[in-house]
Amino acid sequence: MKKRKIGILGGTFNPPHIGHLIMANEAYYTLGLDEVRFMPNAIAPHKEANGIDTKIRVEMTRLAIEGQAHFRLEDIEVSGGGVSYTYETMVKLIDREPECEFYFIIGGDMVESLHTWRRVGELSKLVQFVGIGRPGYMAETDYPVRMIDSPEMHVSSTMLRERVAAGKPLTFFVPEQVEALIRKERLYGSEPDAPKSQRTST
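In this text the structure is predicted, and so the values were computed from the model without any measurement. (Residues numbered from 1 in each chain as written. Predicted model: local features only at pLDDT ≥ 70, side-chain atom pairs only at ≥ 80, totals over all residues. Heavy atoms only, no water.)

1. Side note on the nonpolar core
Okay, so step 1: Formed by 19 residues in total, the largest nonpolar core has its most connected members in Ile 8, Met 90, Phe 102, Phe 104, Trp 117 and Phe 129.
Okay, so step 2: For this core, the elements supplying multiple residues, two or more each, are strand 1 (4-11), helix 4 (86-96), strand 4 (100-107) and helix 6 (120-126).
Okay, so step 3: Among the elements that take part in this core, strand 4 stands out by supplying four residues, more than any other.
Okay, so step 4: Leaving out residues up to four positions away in the same chain, Phe 129 has contacts with Phe 104, Ile 106, Leu 114, Trp 117, Val 120, Leu 123, Ser 124, Pro 144, Val 145 and Arg 146.
Okay, so step 5: Ranked by size, the runner-up nonpolar core spans 18 residues in total, among them Tyr 28, Ile 65, Ile 132 and Ile 148. (Core = buried A, V, L, I, M, F, W, Y, C linked by side-chain atoms within 4.5 Å. Buried < 20%, exposed > 50% of the residue type's maximum accessible area, 1.4 Å probe, protein only. Helix = DSSP H or I, 4+ residues; strand = E, 2+ residues; numbered from the N terminus. Contact = heavy atoms within 4.5 Å.)

Following this line, the structure appears as structure tokens:
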């Protein structure tokens, strides 16, 4: 029986933004995937979550992909808790869903740091790494990575947190429902008002 092709896009999603959505969408169509799962981590080994509650990061991710039939939320790491290591996670997913083959989607910057990943040699035999080109990175690695082209997006979660802290809007950078939650929860130093993209003049 033909295996289902599942893309996995992991991250802190703090916050999820248009760059994440475009990466997932390009991988979905280019590789003919059956779906792409957004997988928030519990505790990333390489990143801090800036004190944002895991439940809120999960909710932001859910809102970001809402209404997209080919995207879904994968909560295996947040439900397990602890430090999230991709190798252990993928072993669990493959054991849970042996009828699927998995494509792990990463940015061009992460391609160059694959050698630092836990048990990456074994991991590369379990999944097909899919690299999304990113400006300024050569995407060179000793591990098998299928590179695909994608529109260049000079946006990062760090940049967006800084925009919020500076009182700037997130219009077009994140879905409106994600910005609304950021304002509601006063994340990243924001004020609890409606996002500018939702305001109307009188």
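Now, onward.
2. Comments concerning the sheet that holds strand 4
Okay, so step 1: One open sheet accounts for six strands, arranged 3-2-1-4-5-6; its pairing is parallel. Two strands in the sheet have a free side with no partner beyond their single neighbour: strand 3 (71-73) and strand 6 (145-148). Averaged over all adjacent pairs, the angle separating strand axes in this sheet is 30°, with direction ignored.
Okay, so step 2: Here strand 2 (residues 35-40) runs beside strand 3; their pairing, made up of three bridges, is parallel. Opposite Phe 38, over in strand 3, you have Leu 73 as the bridge partner.
Okay, so step 3: Helix-sheet contacts for helix 1 (residues 18-31) involve strand 1, strand 2, strand 3, strand 4, strand 5 (128-132) and strand 6, and the interaxial angle to strand 2 is about 145°. (Pairing = 2+ DSSP bridges. Axes fitted to C-alpha atoms, helices over the stretch in contact; angles between N-to-C directions.)

3. Here's the deal with the pattern of salt bridges
Okay, so step 1: If you walk through the whole model with that rule in mind, you get twelve salt bridges.
Okay, so step 2: In this structure, Glu 59 and Arg 62 form a salt bridge, with 2.5 Å as the shortest nitrogen-oxygen distance. With Glu 59 and Arg 62 both in helix 2 (residues 54-64) and three residues apart, the pair spans about one turn of that helix.
Okay, so step 3: Classification of Glu 59 as partly exposed rests on a relative accessible area of 28%.
Okay, so step 4: Arg 119 is paired through a salt bridge with Glu 122; the nearest N and O atoms lie 2.8 Å apart.
Okay, so step 5: Arg 119 gets classed as partly exposed once you look at its relative accessible area, which sits at 41%.
Okay, so step 6: Owing to a relative accessible area of 37%, Glu 122 belongs among the partly exposed residues under this scheme.
Okay, so step 7: Residues joined by salt bridges that share partners form a network here, namely Arg 4, Glu 35, Arg 37, Arg 72, Glu 74, Arg 96 and Glu 97. (Salt bridge = Lys/Arg side-chain N within 4 Å of Asp/Glu carboxyl O.)

4. Observations concerning the environment of Ala 165
Okay, so step 1: Inspection of the secondary structure assignment puts Ala 165 in helix 7 (residues 157-165).
Okay, so step 2: The spacing of Ala 165 and Gly 189 is 24 residues in sequence and 4.9 Å in space, taken between C-alpha atoms.

5. Considering the pairing of strand 2
Okay, so step 1: For strand 2, the tally of buried residues reaches six of six residues, placing the bulk of the element in the interior.
Okay, so step 2: Across the two faces of strand 2 the burial is the same, with Glu 35, Arg 37 and Met 39 and Val 36, Phe 38 and Pro 40 all buried.
Okay, so step 3: Two strands pair when backbone bridges link them, and strand 1 and strand 2 are joined in this way by six bridges, in the parallel orientation. When the bridges of strand 2 are listed, Leu 9 appears paired with Phe 38.

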